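Spelled out from the first residue to the last, the chains are:
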Amino acid sequence: MTTPRQRVERIHEEIEGVASQYGVTSWERNFLESVSERATLSEKQEEILSRIEAKVFG
């Protein structure tokens, strides 16, 4: 099981410099920063992070 921080870092590595090409919005980038320091996520946060991962990684 990966931590929120690991998941966010993986997304950042993929979209660095080209976030708009993946359709990742500024709100979503701010959301990623806000959850990267959390040990656990709420159900809603998990849902949003999963949606961003789907956007980026298909």
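Reading guide: rules and limits
Residues numbered from 1 in each chain as written. Predicted model: local features only at pLDDT ≥ 70, side-chain atom pairs only at ≥ 80, totals over all residues. Heavy atoms only, no water. Helix = DSSP H or I, 4+ residues; strand = E, 2+ residues; numbered from the N terminus. Polar contact = N/O pair within 3.5 Å; in protein donor to acceptor, adjacent residues only side chain to side chain. Contact = heavy atoms within 4.5 Å. Axes fitted to C-alpha atoms, helices over the stretch in contact; angles between N-to-C directions. Parallel < 35°, antiparallel > 145°, perpendicular 65-115°, else oblique. Left-handed = near helix turned anticlockwise from the far one by under 90°. Nonpolar A, V, L, I, M, F, W, Y, C, P; charged D, E, K, R; others polar. Salt bridge = Lys/Arg side-chain N within 4 Å of Asp/Glu carboxyl O. Buried < 20%, exposed > 50% of the residue type's maximum accessible area, 1.4 Å probe, protein only.

*Asks:* Residue-level account of the side chain of Arg-7, with values.
*Replies:* Position of Arg-7 relative to the elements: it lies in helix 1 (residues 4-15). Separated by 2.9 Å, the side chains of Arg-7 and Glu-46 make a polar contact. Setting aside residues up to four positions removed in sequence, Arg-7 forms contacts with Thr-2, Leu-41, Glu-46, Leu-49, Ser-50 and Glu-53.

*Asks:* So, the packing of helix 3 (residues 26-35) against helix 4 (residues 43-57): which residues are in play, and what are the values?
*Replies:* With their axes 11 Å apart at the nearest point, helix 3 and helix 4 run at an angle of 125° to one another. Classified by the angle between their axes, helix 3 and helix 4 sit oblique to one another. Of the two possible hands of crossing, helix 3 and helix 4 adopt the one that is left-handed. Facing Trp-27, Glu-28, Phe-31, Leu-32 and Val-35 of helix 3, the residues of helix 4 in contact are Gln-45, Ile-48, Leu-49, Ile-52 and Lys-55. Counted by class, the contact of helix 3 with helix 4 contains seven nonpolar, one polar and two charged residues.

*Asks:* Give me the pattern of salt bridges: which residues, what numbers.
*Replies:* All chains considered together, the criterion is met by seven salt bridges. Between Glu-28 and Lys-55 there is a salt bridge, and its shortest N-O distance comes to 2.9 Å. In this pair, Glu-28 is assigned in helix 3 and Lys-55 in helix 4, connecting sequence segments 27 residues apart. Residue Lys-55 is classed as partly exposed on the basis of its relative accessible area, which comes to 37%. Residues Glu-47 and Lys-44 are paired through a salt bridge, measuring 3.8 Å at the closest nitrogen-oxygen approach. Of the two residues, Glu-47 and Lys-44 are both situated in helix 4; the distance of three residues between them amounts to about one turn of the helix.

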